[in-house]
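Examination of the molecular architecture
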Amino acid sequence: MKKIIMFTLICVMAFAGCNKTINQVIESFRGGQEGNSWNAVKLDKETAYYNDYLGISYTIPRGWWFYDVSDDNFSEIRGDITDVISMDVAYGDYENYTYSSLRLIRFGNLEKSTHDNHLGFSLDAWSIEEENDMAGFMKYFETYMLEPTEDADYSLLESQQITIKGKPFELRDYLVSRAADDFCVITLTCEVKNGFFLNITVDYWPYNTKAKQAIIDSVTRAVGFY
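Residues numbered from 1 in each chain as written. Predicted model: local features only at pLDDT ≥ 70, side-chain atom pairs only at ≥ 80, totals over all residues. Heavy atoms only, no water.

**Remarks on the overall build of the chain**
So the rule is basically this: Only DSSP runs of H or I covering at least 4 residues are called helices, and only runs of E covering at least 2 are called strands; the numbering of each starts at the N terminus. The classification of residues rests on relative accessible area computed with a 1.4 Å probe and restricted to protein chains. Under 20% of the type maximum is buried, over 50% is exposed, and intermediate values are partly exposed. Residue contacts follow a heavy-atom distance rule, with two residues in contact if any of their heavy atoms lie within 4.5 Å.
Within the chain, the regular secondary structure consists of three helices and 12 strands. Every one of the 226 residues in the chain was classed for burial, and the buried ones make up 55%. Long-range contacts, defined here as pairs at least 24 residues apart, represent 58% of the contacts in the chain between residues at least 6 apart.

Pasting the structure below:
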């Protein structure tokens with residue numbers, strides 16, 4: 001299957017070459033909602049993670065479900081990660097692009113009582129050798145990430161620029177159409193230190209009419225730059 005998704009929400013093996021399309025990944029997340037396939041932990045306290053090299057932090061709210069963090073790339077202790085040499089960086093190439101990627105964290109607001117509350121978050125950071133600005137990165141992002149697969153079609157619903165904590169973000173909202181059901185994916189992307197782009201990917205159900213604003217509000221509260 002061509003054009004696979006590198007920013008998988010739960011596939012820890014993604015950066016070792018085992019990649020999944022968005023719809024496969026979300027299916028795994030949703031299976032987890034019903035207690036079928038993964039070992040998420042409901043957080044009993046607000047938890048912050050840091051990467052001093054990139055100068056970013058992210059705080060997961062109490063009561064949300066934590067799935068996975070790359071300890072080499074995101075630490076609960078500020079000051080742990082200050083050098084790219086100590087991080088777990090995945091390198092690869094795709095067509096005319098050469099990339100470096102950092103898997104950071106996966107978590108979500110995964111209420112079992114109703115799909116309306118489902119928001120599955122994935123954070124990664126990317127550096128593209130051939131593209132050093134936002135427009136170039138987004139071109140790579142959509143070329144590599146979002147070509148239709150044999151079981152899903154991707155269409156852009158909205159694209160806009162917003163500012164969060166003084167940083168310009170590219171917000172894009174996609175509909176993923178499948179025979180079984182449809183779902184939506186929001187991506188929020190900003191440039192961080194040393195040519196790396198922080199990419200926050202969040203899935204939600206199309207009939208969750210409050211999801212988009214809830215995602216923006218959540219990211220605004222949670223993300224930090226220093």
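Picking up after the structure, the text goes on.
**Overview of the pattern of salt bridges**
Basically, it comes down to this: By definition here, a salt bridge exists when the distance from a side-chain nitrogen of Lys or Arg to a carboxyl oxygen of Asp or Glu is within 4 Å.
Tallied over the full model, the rule gives seven salt bridges. Linking Arg172 and Glu142 is a salt bridge whose minimum nitrogen-to-oxygen distance equals 3.1 Å. Of this pair, Arg172 sits in strand β9 (residues 167-177) while Glu142 sits in helix α2 (residues 134-145), placing them 30 residues apart in sequence. Its relative accessible area of 27% is what places Glu142 among the partly exposed residues.

**With respect to the sheet that holds strand β3 (residues 56-60)**
As a general point, the strands of a sheet are linked pairwise by backbone hydrogen bonds and lie either parallel or antiparallel. We apply this condition: Note: two strands are recorded as paired if DSSP finds a minimum of 2 bridges between them. Axis definition: a line fitted to C-alpha atoms, limited for helices to the stretch in contact. Angles are taken between N-to-C directions and run from 0 to 180 degrees.
Pairing is antiparallel in the open sheet, where three strands are placed in the order β2-β3-β12. Of all the strands in the sheet, just β2 (47-51) and β12 (223-225) have a single pairing partner and so form its edges. Taking the axes of each pair of neighbouring strands and ignoring which way they run, one obtains an average angle of 20 degrees across the sheet. Judged from the three bridges that link them, β3 and β12 form a sheet pairing that is antiparallel. Across the sheet, residue Ile56 finds its bridge partner in β12, namely Phe225.

**Some details on the nonpolar core**
Where we set the bar: Nonpolar core, defined: a set of buried Ala, Val, Leu, Ile, Met, Phe, Trp, Tyr and Cys residues in which side-chain atoms within 4.5 Å join the residues together.
Ranked by size, the top nonpolar core spans 42 residues in total, and within it Tyr58, Ile105, Phe121, Leu188, Ile200 and Val219 carry the most contacts. Take this core: its biggest share by element is five residues, from helix α3 (residues 211-222). For Ile200, the residues in contact, after removing those within four places along its chain, are Tyr58, Phe121, Ser122, Leu123, Phe169, Ile186, Thr187, Leu188 and Val219.

**A closer look at unusual backbone geometry**
A positive phi angle, near 50 degrees, is found at Lys165, a position not held by glycine. Locating Lys165 in the fold gives a position in the loop between β8 (153-164) and β9.

**Describing the environment of Lys212**
Take Lys212: it is sitting in helix α3. It is 9.5 Å that separates the C-alpha atoms of Lys212 and Val202, two residues lying 10 residues apart in sequence. When sequence neighbours within four positions are dropped, the list of residues in contact with Lys212 reads Glu158, Asp173, Ile186 and Tyr204.

**Section: a negative patch on the surface**
Convention followed: Within this analysis, patches are made of residues with over 30% relative accessible area and no salt bridge. Like charges are joined at 9 Å or less; nonpolar side chains (Val, Leu, Ile, Met, Phe, Trp, Tyr) at 5 Å or less. Accessible surface is estimated by sampling points in the Shrake-Rupley manner with a 1.4 Å probe; for residues, cover comes only from the protein chains shown. Under the counting rule used here, the positive set is Lys and Arg, the negative set is Asp and Glu, and His together with the chain ends is not counted. A charged residue contributes its charge at one atom only: NZ of Lys, CZ of Arg, CG of Asp or CD of Glu.
Among the surface-exposed residues, Asp71, Asp72, Glu76 and Asp88 lie close enough to one another that they form a single negatively charged patch. Positionally, Asp71 belongs in the loop between β4 (65-69) and β5 (90-94).

**Some details on the confidence of the model for the chain**
The condition is simple: Per-residue confidence from the prediction method is given by pLDDT, with values spanning 0 to 100.
Per-residue confidence for the chain gives a mean pLDDT of 81, with 79% of residues at or over 70. Taken together, the stretch residues 1-26 has pLDDT below 50 and engages in 89 contacts with residues farther than four places along the chain or on a different chain. Scored below 50 in pLDDT, residues 28-37 makes 31 contacts in the model with residues more than four places away or belonging to other chains.

**Let's talk about the side chain of Thr187**
On the secondary structure map, Thr187 appears in strand β10 (residues 183-191). In this structure Thr187 touches Phe141, Glu170, Leu171, Arg172, Tyr174, Asn199, Ile200 and Thr201, once residues within four positions along its chain are discounted.

**Remarks on the packing of aromatic side chains**
Stated precisely, the cut-off is as follows: Ring pairs shown here join Phe, Tyr and Trp side chains whose ring centres sit within 6.5 Å, with only the six-membered ring taken for Trp; geometry is labelled stacked below 30 degrees between planes, edge-to-face above 60, and tilted in between. Charge over a ring is defined by NZ of Lys or CZ of Arg lying within 6 Å of the ring centre and within 35 degrees of the ring normal.
Considering all chains together, one arrives at 16 aromatic pairs under this definition. With a centroid separation of 6.2 Å and 40 degrees between ring planes, the pair formed by Trp64 and Phe107 is classed as tilted. With Trp64 in the loop between β3 and β4 and Phe107 in strand β6 (residues 97-109), this residue pair connects regions lying 43 residues apart in the sequence. Using a relative accessible area of 12% as the deciding quantity, one classes Trp64 as buried. Overall, the relative accessible area of 1% leaves Phe107 in the buried class. Each ring, one from Tyr97 and one from Tyr140, has its centre 5.0 Å from the other, and the planes form 70 degrees; the classification is edge-to-face. Taken together, the positions of Tyr97 in strand β6 and Tyr140 in helix α2 put the pair 43 residues apart, joining distant regions of the chain. Given the relative accessible area of 9%, Tyr97 is considered buried. These aromatic residues form a ring-pair network of at least three members: Tyr97, Tyr99, Trp126, Phe137, Tyr140, Phe141, Tyr174 and Phe197. Over the aromatic face of Phe225 sits the side chain of Lys167, whose NZ or CZ is 5.4 Å from the ring centroid. Directly above the aromatic system of Tyr53 lies the positively charged group of Lys193, at a separation of 5.1 Å from the ring centroid.

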